[in-house]
Amino acid sequence: MKIGILGSGDVAKSLAGGFLKHGHEVTLGSRTPAKLDGWKAQNPAASTGTFDAAAAFGKLIVLAVSGKAAADVLRLAGAENLDGKAVIDACNPIADAPPVNGVLPFFTTINESLMELLQREFEGAHFVKAFNSVGNTLMVNPQFKQGKPTMFICGNNENAKESVRGILDQFGWETADMGKAEAARAIEPLAMLWCIPGFARNQWTHAFRLLTQ
Ligand SMILES: NC(=O)c1ccc[n+]([C@@H]2O[C@H](COP(=O)([O-])OP(=O)(O)OC[C@H]3O[C@@H](n4cnc5c(N)ncnc54)[C@H](OP(=O)(O)O)[C@@H]3O)[C@@H](O)[C@H]2O)c1
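Below: a short report on this structure. (Residues numbered from 1 in each chain as written. Predicted model: local features only at pLDDT ≥ 70, side-chain atom pairs only at ≥ 80, totals over all residues. Heavy atoms only, no water.)

Scanning the protein chain for helices and strands turns up 8 helices and 8 strands. The globule rule puts the C-alpha radius of gyration for 213 residues at 17 Å, and the 16 Å found for the protein chain is close to it. Its C-alpha atoms give the protein chain principal-axis dimensions of roughly 40 × 35 × 35 Å. Taken across its 213 residues, the protein chain has 49% of its residues classed as buried. Within the protein chain, counting contacts between residues at least 6 apart in sequence, those at least 24 apart form 67% of the total. Summed over all atoms, the accessible surface of the protein chain reaches about 9,900 Å², with 52% contributed by carbon and sulfur. Where the 20 positive side-chain charges of the protein chain centre and where its 20 negative ones centre are 6 Å apart. (Helix = DSSP H or I, 4+ residues; strand = E, 2+ residues; numbered from the N terminus. Rg over C-alpha atoms; globule rule 2.2 N^0.38 Å. Buried < 20%, exposed > 50% of the residue type's maximum accessible area, 1.4 Å probe, protein only. Contact = heavy atoms within 4.5 Å. Areas by Shrake-Rupley, 256 points an atom, 1.4 Å probe, with all protein chains shown as cover. Lys, Arg positive; Asp, Glu negative; His and termini not counted. Charge placed at Lys NZ, Arg CZ, Asp CG, Glu CD.)

Note that Leu 15 resides in helix α1 (residues 10–21). Residue class for Leu 15 comes out buried when judged on its relative accessible area of 0%. Note: C-alpha distance between Leu 15 and Leu 138 (123 residues apart in sequence) is 9.9 Å. The contact partners of Leu 15, leaving out residues within four places of it in the chain, are Ile 5, Val 62, Phe 131, Met 139 and Phe 171.

Looking now at the environment of Gly 124. With respect to the element layout, Gly 124 can be found in the loop between α5 (114–121) and β6 (126–129). The spatial distance from the C-alpha of Gly 124 to the C-alpha of Leu 82 is 6.9 Å, given a sequence separation of 42 residues. Ignoring any residue separated from it by four or fewer positions in sequence, one finds Gly 124 in contact with Leu 82, Asp 83, Gly 84 and Lys 85.

Here is the structure:
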(Lines give C-alpha, C1' and ligand atoms only; values in the text may rest on other atoms or scores of the structure.)
Protein backbone atom coordinates (compact mmCIF):
# COMPACT_ATOMS: atom_id res chain seq x y z
CA MET A 1 0.00 0.00 0.00
CA LYS A 2 1.08 3.63 -0.52
CA ILE A 3 1.64 5.24 2.89
CA GLY A 4 1.96 8.99 3.41
CA ILE A 5 3.56 9.76 6.76
CA LEU A 6 3.17 13.29 8.11
CA GLY A 7 6.17 13.84 10.38
CA SER A 8 9.95 13.83 10.50
CA GLY A 9 10.49 12.75 14.12
CA ASP A 10 11.27 9.42 15.76
CA VAL A 11 7.72 8.04 15.41
CA ALA A 12 7.49 8.92 11.73
CA LYS A 13 10.87 7.30 11.04
CA SER A 14 10.18 4.16 13.13
CA LEU A 15 6.81 3.57 11.48
CA ALA A 16 8.28 4.30 8.06
CA GLY A 17 10.90 1.62 8.75
CA GLY A 18 8.11 -0.83 9.58
CA PHE A 19 6.12 -0.04 6.46
CA LEU A 20 9.23 -0.43 4.28
CA LYS A 21 10.12 -3.71 6.02
CA HIS A 22 6.65 -5.06 5.22
CA GLY A 23 6.80 -4.07 1.55
CA HIS A 24 4.77 -0.85 1.52
CA GLU A 25 5.69 2.32 -0.38
CA VAL A 26 6.41 5.30 1.86
CA THR A 27 6.63 9.08 1.53
CA LEU A 28 7.58 11.05 4.65
CA GLY A 29 6.40 14.66 4.90
CA SER A 30 7.84 17.70 6.68
CA ARG A 31 7.71 21.50 6.42
CA THR A 32 11.43 21.16 5.62
CA PRO A 33 11.91 17.93 3.66
CA ALA A 34 15.69 18.55 3.46
CA LYS A 35 15.95 17.67 7.16
CA LEU A 36 15.12 14.09 6.10
CA ASP A 37 18.00 13.83 3.61
CA GLY A 38 20.15 11.76 6.01
CA TRP A 39 17.27 9.38 6.73
CA LYS A 40 16.47 9.11 3.01
CA ALA A 41 20.10 8.22 2.24
CA GLN A 42 19.75 5.28 4.65
CA ASN A 43 16.32 4.35 3.26
CA PRO A 44 16.66 4.81 -0.50
CA ALA A 45 13.36 3.01 -1.20
CA ALA A 46 11.45 5.80 0.57
CA SER A 47 10.54 9.27 -0.68
CA THR A 48 10.35 12.56 1.19
CA GLY A 49 8.44 15.75 0.49
CA THR A 50 6.20 18.43 1.91
CA PHE A 51 3.22 17.55 4.09
CA ASP A 52 0.84 17.98 1.16
CA ALA A 53 3.01 15.84 -1.14
CA ALA A 54 3.09 13.04 1.46
CA ALA A 55 -0.67 13.26 1.99
CA ALA A 56 -1.38 13.27 -1.74
CA PHE A 57 0.87 10.19 -2.16
CA GLY A 58 -0.68 8.10 0.62
CA LYS A 59 -3.70 5.87 0.19
CA LEU A 60 -3.33 5.56 3.95
CA ILE A 61 -2.00 8.47 6.05
CA VAL A 62 -0.04 8.42 9.31
CA LEU A 63 -0.09 11.52 11.49
CA ALA A 64 3.03 11.56 13.67
CA VAL A 65 3.66 15.15 14.70
CA SER A 66 3.65 17.23 17.85
CA GLY A 67 0.08 17.17 19.24
CA LYS A 68 0.03 20.98 19.45
CA ALA A 69 0.80 21.23 15.73
CA ALA A 70 -1.42 18.35 14.53
CA ALA A 71 -4.28 20.50 13.17
CA ASP A 72 -1.84 22.92 11.50
CA VAL A 73 -0.04 20.02 9.85
CA LEU A 74 -3.32 18.59 8.53
CA ARG A 75 -4.21 22.05 7.16
CA LEU A 76 -0.84 22.12 5.37
CA ALA A 77 -1.47 18.56 4.13
CA GLY A 78 -4.78 19.73 2.66
CA ALA A 79 -8.22 18.36 3.56
CA GLU A 80 -8.70 17.27 -0.05
CA ASN A 81 -5.68 14.94 0.31
CA LEU A 82 -7.23 13.29 3.38
CA ASP A 83 -10.80 12.78 2.17
CA GLY A 84 -11.95 9.18 2.33
CA LYS A 85 -8.57 7.95 3.63
CA ALA A 86 -7.69 6.18 6.88
CA VAL A 87 -5.49 8.46 9.01
CA ILE A 88 -3.56 6.67 11.74
CA ASP A 89 -3.27 9.20 14.55
CA ALA A 90 -0.24 8.49 16.75
CA CYS A 91 -0.24 11.94 18.36
CA ASN A 92 -0.59 12.85 22.00
CA PRO A 93 -1.88 16.20 23.26
CA ILE A 94 1.14 16.88 25.45
CA ALA A 95 1.22 20.38 26.92
CA ASP A 96 4.24 22.68 27.14
CA ALA A 97 5.10 21.83 30.74
CA PRO A 98 7.33 19.31 32.49
CA PRO A 99 5.95 16.03 33.90
CA VAL A 100 4.76 16.15 37.53
CA ASN A 101 6.11 13.13 39.40
CA GLY A 102 6.44 11.41 36.04
CA VAL A 103 2.94 12.34 34.83
CA LEU A 104 2.84 14.28 31.55
CA PRO A 105 0.44 17.23 31.37
CA PHE A 106 -2.12 17.30 28.52
CA PHE A 107 -3.73 20.36 26.94
CA THR A 108 -7.02 18.48 26.44
CA THR A 109 -9.53 17.67 29.19
CA ILE A 110 -10.88 14.28 30.28
CA ASN A 111 -14.07 14.66 28.20
CA GLU A 112 -12.40 15.54 24.91
CA SER A 113 -9.52 14.12 22.96
CA LEU A 114 -7.16 15.47 20.36
CA MET A 115 -8.42 12.94 17.83
CA GLU A 116 -12.04 14.10 18.23
CA LEU A 117 -10.94 17.71 17.63
CA LEU A 118 -9.14 16.62 14.46
CA GLN A 119 -12.05 14.44 13.30
CA ARG A 120 -14.45 17.39 13.75
CA GLU A 121 -12.30 19.71 11.63
CA PHE A 122 -11.38 17.15 8.94
CA GLU A 123 -14.76 15.46 8.49
CA GLY A 124 -13.81 13.55 5.34
CA ALA A 125 -10.80 11.82 6.91
CA HIS A 126 -11.22 8.52 8.77
CA PHE A 127 -9.07 8.91 11.89
CA VAL A 128 -7.93 5.80 13.76
CA LYS A 129 -6.04 6.24 17.03
CA ALA A 130 -3.08 3.86 17.20
CA PHE A 131 0.61 3.73 18.18
CA ASN A 132 0.22 6.62 20.65
CA SER A 133 0.84 4.65 23.84
CA VAL A 134 4.11 2.85 23.21
CA GLY A 135 7.62 4.15 22.58
CA ASN A 136 8.74 4.43 18.99
CA THR A 137 11.47 1.77 19.38
CA LEU A 138 8.76 -0.81 20.20
CA MET A 139 6.26 0.03 17.46
CA VAL A 140 7.41 -2.49 14.85
CA ASN A 141 7.45 -6.21 15.68
CA PRO A 142 8.49 -5.83 19.33
CA GLN A 143 9.45 -9.00 21.20
CA PHE A 144 8.14 -9.62 24.73
CA LYS A 145 8.52 -12.81 26.75
CA GLN A 146 4.79 -12.71 27.65
CA GLY A 147 3.74 -12.72 23.97
CA LYS A 148 2.07 -10.18 21.70
CA PRO A 149 1.28 -6.77 23.18
CA THR A 150 -2.10 -5.10 22.65
CA MET A 151 -2.68 -1.95 20.62
CA PHE A 152 -5.82 -0.09 21.65
CA ILE A 153 -7.44 1.58 18.67
CA CYS A 154 -10.63 3.56 18.01
CA GLY A 155 -12.28 5.50 15.22
CA ASN A 156 -15.62 6.08 13.53
CA ASN A 157 -15.00 4.25 10.24
CA GLU A 158 -15.03 0.45 10.28
CA ASN A 159 -13.15 0.03 6.97
CA ALA A 160 -10.38 2.34 8.16
CA LYS A 161 -10.05 0.35 11.39
CA GLU A 162 -9.93 -2.86 9.36
CA SER A 163 -6.98 -1.47 7.36
CA VAL A 164 -5.21 -0.49 10.57
CA ARG A 165 -5.85 -3.92 12.05
CA GLY A 166 -4.10 -5.43 9.01
CA ILE A 167 -1.07 -3.22 9.57
CA LEU A 168 -1.01 -4.04 13.27
CA ASP A 169 -1.06 -7.75 12.37
CA GLN A 170 2.01 -7.17 10.20
CA PHE A 171 3.71 -5.11 12.93
CA GLY A 172 3.20 -7.91 15.50
CA TRP A 173 0.38 -6.46 17.59
CA GLU A 174 -2.93 -7.78 18.84
CA THR A 175 -5.63 -5.18 18.16
CA ALA A 176 -8.23 -4.17 20.75
CA ASP A 177 -10.91 -2.03 19.08
CA MET A 178 -12.38 0.28 21.72
CA GLY A 179 -15.10 1.72 19.46
CA LYS A 180 -15.77 5.21 18.14
CA ALA A 181 -13.68 8.37 18.26
CA GLU A 182 -14.73 9.24 21.83
CA ALA A 183 -12.68 6.26 23.06
CA ALA A 184 -9.59 8.34 22.25
CA ARG A 185 -10.38 10.15 25.53
CA ALA A 186 -9.24 6.94 27.24
CA ILE A 187 -6.56 5.80 24.77
CA GLU A 188 -4.62 9.07 24.60
CA PRO A 189 -3.93 9.13 28.38
CA LEU A 190 -2.48 5.61 28.14
CA ALA A 191 0.56 7.47 26.84
CA MET A 192 0.81 9.23 30.22
CA LEU A 193 0.67 5.85 31.96
CA TRP A 194 3.20 4.35 29.57
CA CYS A 195 5.69 7.16 30.27
CA ILE A 196 5.54 7.05 34.08
CA PRO A 197 8.04 4.15 34.54
CA GLY A 198 10.27 5.97 32.05
CA PHE A 199 10.38 9.25 33.91
CA ALA A 200 10.40 7.53 37.34
CA ARG A 201 12.88 4.69 36.75
CA ASN A 202 14.25 5.21 33.23
CA GLN A 203 12.31 2.09 32.16
CA TRP A 204 11.00 2.43 28.60
CA THR A 205 10.77 -1.20 27.41
CA HIS A 206 7.19 -2.18 28.25
CA ALA A 207 3.88 -2.34 26.39
CA PHE A 208 0.28 -2.94 27.41
CA ARG A 209 -1.52 -6.26 27.08
CA LEU A 210 -5.25 -6.85 27.55
CA LEU A 211 -6.04 -10.12 29.33
CA THR A 212 -9.42 -11.76 28.79
CA GLN A 213 -11.18 -14.89 30.11
N1 LIG B 1 8.46 9.68 20.62
C2 LIG B 1 7.76 8.59 20.88
O3 LIG B 1 8.33 7.53 21.16
C4 LIG B 1 6.27 8.63 20.81
C5 LIG B 1 5.53 7.46 21.08
C6 LIG B 1 4.14 7.47 20.91
C7 LIG B 1 3.50 8.64 20.49
N8 LIG B 1 4.24 9.76 20.27
C9 LIG B 1 3.54 10.96 19.75
O10 LIG B 1 3.79 10.97 18.36
C11 LIG B 1 3.92 12.31 17.88
C12 LIG B 1 5.27 12.46 17.18
O13 LIG B 1 6.29 12.32 18.13
P14 LIG B 1 7.85 12.42 17.72
O15 LIG B 1 8.59 12.24 18.99
O16 LIG B 1 8.13 11.54 16.58
O17 LIG B 1 8.02 13.88 17.14
P18 LIG B 1 7.71 15.35 17.70
O19 LIG B 1 9.00 15.99 18.02
O20 LIG B 1 6.66 15.33 18.75
O21 LIG B 1 7.09 16.02 16.40
C22 LIG B 1 7.89 16.31 15.30
C23 LIG B 1 6.99 16.69 14.16
O24 LIG B 1 6.09 17.73 14.54
C25 LIG B 1 6.10 18.73 13.53
N26 LIG B 1 5.88 20.06 14.12
C27 LIG B 1 6.33 20.52 15.32
N28 LIG B 1 5.94 21.80 15.50
C29 LIG B 1 5.25 22.15 14.38
C30 LIG B 1 4.60 23.34 13.96
N31 LIG B 1 4.56 24.44 14.74
N32 LIG B 1 3.96 23.33 12.78
C33 LIG B 1 4.00 22.23 11.96
N34 LIG B 1 4.62 21.07 12.33
C35 LIG B 1 5.22 21.04 13.50
C36 LIG B 1 7.47 18.67 12.90
O37 LIG B 1 7.35 19.14 11.60
P38 LIG B 1 8.61 19.43 10.65
O39 LIG B 1 8.97 18.09 10.10
O40 LIG B 1 8.07 20.35 9.65
O41 LIG B 1 9.66 20.02 11.54
C42 LIG B 1 7.81 17.19 12.97
O43 LIG B 1 7.39 16.53 11.81
C44 LIG B 1 3.73 13.20 19.09
O45 LIG B 1 2.39 13.66 19.13
C46 LIG B 1 4.03 12.29 20.28
O47 LIG B 1 3.32 12.66 21.45
C48 LIG B 1 5.59 9.80 20.43
